[in-house]
Amino acid sequence: FFQKTLSAVKSWFTLFGWSKGPNPISIPYSLRCDVCIVQLTVAQENIFKRKADKDKGFYDMLFNLNGQPIPGIAASQTLSPDPVERMFQLHWQRTELLSFLKSKGAYLPHVMPEFLLAPEDYKIWTEVNTGIRRGSMRSSGKLSSKPIFVLDNRAFETMSKRAWTDVLLQMYKVFVLPRVSSGIVPDSSSLESLQNIPGIKSEPLSSNIYSRYERAVLNWLNKNYEKNRKIVWKDSQRGGIPPTRWVVNFDQDLLDGLVLAAQMAAYCPFLIPTHFIRMYTDPRTQVQFLHNSLILVKALHAINLDMDIKV
């Protein structure tokens, strides 16, 4: 389940996280290396400076989604040549990132700034905090007053991958989902057939599972499915017109592909005769479910929306 979640998060941020088109990311490698350091030689001195490829770094992606930078973190920042001091600077950046996201409503109490560091910086962090290593300036003291988690390389990579995935999920929650407006769902009274379908309440406390923005999307799914099921499958030879349904979740109710096909048909009706008419409208076997999924994925490819969805 975690791997499927990671794959979905990676695909979405690769395709839609950037202002100038898709940009591949890997979790956690390209994210923690966005503060990727390049070594420059200036006046015979080695200094380290954050790589500042415009629209190619994590902070650029965050700015694109949010519209405002993290206070105190510049687009390009000189880092100390001393590895301990550099680690302190990077740890501070990660701390500011988490504080910024939390101020926007993100829930990340389990993610420590050190989990977002690169392995070599995490190693320095543990050495400083356990007294094994000392350096200049602040490094003579301890960075954290909280319990120290000293992880081996394998455990750290697992923790880092999970931490960065949760950071991205929370970014999606606080920066992307709030763009959903209840205005996308017209008054249900405009569809007589929706009168007998219970509404999905939009009040903030009406669900402990879905946010009000997710419930607005569920209303949109219900509206489009009910509106289009008789149009898409009016000439169906594989089960006829599918029955009315109440879409209340994003997993079980979408498994047969019919709800998603109805959404696509609302915006791409040319896919109905070439793809959706061939779907089973009352699938009973695994083969029939697979058949519908294949058609749905082929329809996505037909409109050049390749999200690497596995059938």
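Residues numbered from 1 in each chain as written. Predicted model: local features only at pLDDT ≥ 70, side-chain atom pairs only at ≥ 80, totals over all residues. Heavy atoms only, no water.

**Some points on the overall build of the protein**
Counted only if it meets this: Comment: elements are numbered from the N terminus, with helices defined as DSSP H or I runs of at least four residues and strands as E runs of at least two. Burial classes: relative accessible area under 20% of the type maximum marks a residue as buried, over 50% as exposed, and values in between as partly exposed (1.4 Å probe, protein chains only). Residues are treated as being in contact if the distance between any of their heavy atoms lies within 4.5 Å. Residue exposure ignores everything except the shown protein chains as possible cover, and the areas themselves are Shrake-Rupley values with a 1.4 Å probe.
Broken down by element type, the protein carries ten helices and three strands. The buried share of the protein, taken over its 311 residues, is 42%. Relative to all contacts within the protein whose residues are 6 or more apart in sequence, the contacts with residues 24 or more apart total 64%. Here the protein displays about 17400 Å² of accessible surface, and carbon together with sulfur accounts for 56% of that area.

**A short note on the nonpolar core**
Rules: Joining through side-chain atoms within 4.5 Å is the link that ties buried Ala, Val, Leu, Ile, Met, Phe, Trp, Tyr and Cys residues into a set, and such a set is a nonpolar core.
Grouped together as the largest cluster of nonpolar side chains are 33 residues, with contacts concentrated most on Phe-58, Leu-101, Val-167, Leu-168 and Met-171. For this core, the secondary-structure elements that each account for two or more residues are helix H1 (2-16), helix H3 (58-66), helix H4 (83-103) and helix H6 (153-176). Looking at this core element by element, the count peaks at eight residues for H6. For Met-171, the residues in contact, after removing those within four places along its chain, are Phe-13, Phe-58, Met-61, Leu-62, Leu-65, Leu-101 and Val-176. Core analysis: the next-biggest nonpolar cluster, separate from the first, contains 24 residues, Leu-221, Ala-262, Met-264 and Met-279 among them.

**A word on the pattern of salt bridges**
Applicable threshold: Counted as salt bridges are all cases of a side-chain nitrogen of Lys or Arg within 4 Å of a carboxyl oxygen of Asp or Glu.
Tallied over the entire structure, the rule returns five salt bridges. Close ionic contact of Asp-256 with Arg-245 constitutes a salt bridge, the shortest N to O distance being 2.6 Å. Taken as a pair, Asp-256 in the loop between helix H7 (212-232) and helix H8 (258-267) and Arg-245 in the loop between H7 and H8 lie far apart in primary sequence, eleven residues in all. For Asp-256, a relative accessible area of 9% gives the class buried. Looking at Arg-245, the relative accessible area reads 21%, which means it is partly exposed.

**Quick word on unusual backbone geometry**
Going from Ile-27 to Pro-28, the amide bond is cis rather than trans, its omega being 10°. When you line up the elements, Pro-28 lands in the loop between H1 and helix H2 (29-32). Even without a glycine there, the phi angle at Asn-304 is positive, about 60°. The topology assignment puts Asn-304 in the segment after helix H10 (286-302). Judged by its relative accessible area of 71%, Asn-304 falls in the exposed class.

**A few points about the confidence of the model for the protein**
Put simply, the test is: As a per-residue measure, pLDDT tells how confident the predictor is, with possible values from 0 to 100.
Looking at the protein as a whole, its pLDDT mean stands at 82, while 78% of the residues score no less than 70. The element-level mean pLDDT for the protein is lowest in strand S1 (residues 37-42), coming to 36, with helix H9 (residues 271-274) highest at 96. Here residues 35-55 is a poorly scored stretch, pLDDT under 50, and it has 50 contacts once near neighbours within four places are set aside; other chains count. Low confidence marks residues 136-142, where pLDDT is under 50. Its contacts with residues over four positions away, or in another chain, come to 16 contacts.

**As for a nonpolar patch on the surface**
Where we set the bar: The patches reported here contain residues having more than 30% relative accessible area and no salt bridge. Joining distances are 9 Å for like charges and 5 Å for nonpolar side chains (Val, Leu, Ile, Met, Phe, Trp, Tyr).
On the surface, a cluster of nonpolar side chains totalling about 250 Å² of accessible area is made up of Leu-290, Leu-294 and Val-311. Checked against the element boundaries, Val-311 lands in the segment after H10.

**Digging into H4**
In an α-helix, one full turn covers 3.6 residues, which means residues spaced three or four apart are oriented alike. This is how the line gets drawn: By this rule, a helix spans an expected 1.5 Å times one less than how many residues it contains. Two N or O atoms count as a polar contact when they lie within 3.5 Å, although within protein this holds only if one can serve as hydrogen donor and the other as acceptor, and sequence-adjacent residues are included solely when both atoms are side-chain atoms.
Taking 1.5 Å of rise per residue, 21 residues should cover 30 Å, and H4 covers 30 Å from first to last C-alpha, within 8% of that figure. Capping the start of H4 is the job of one residue whose side-chain oxygen sits 3.2 Å from the backbone nitrogen of Val-84: Asp-82. Where H4 ends, the next residue or the one after it, Gly-105, has phi of about 110°, a positive value.

**Observations regarding the environment of Pro-243**
Locating Pro-243 in the fold gives a position in the loop between H7 and H8. Among the residues examined, Pro-243 registers a relative accessible area of 57% and is labelled exposed. The spatial distance from the C-alpha of Pro-243 to the C-alpha of Lys-230 is 9.2 Å, given a sequence separation of 13 residues.

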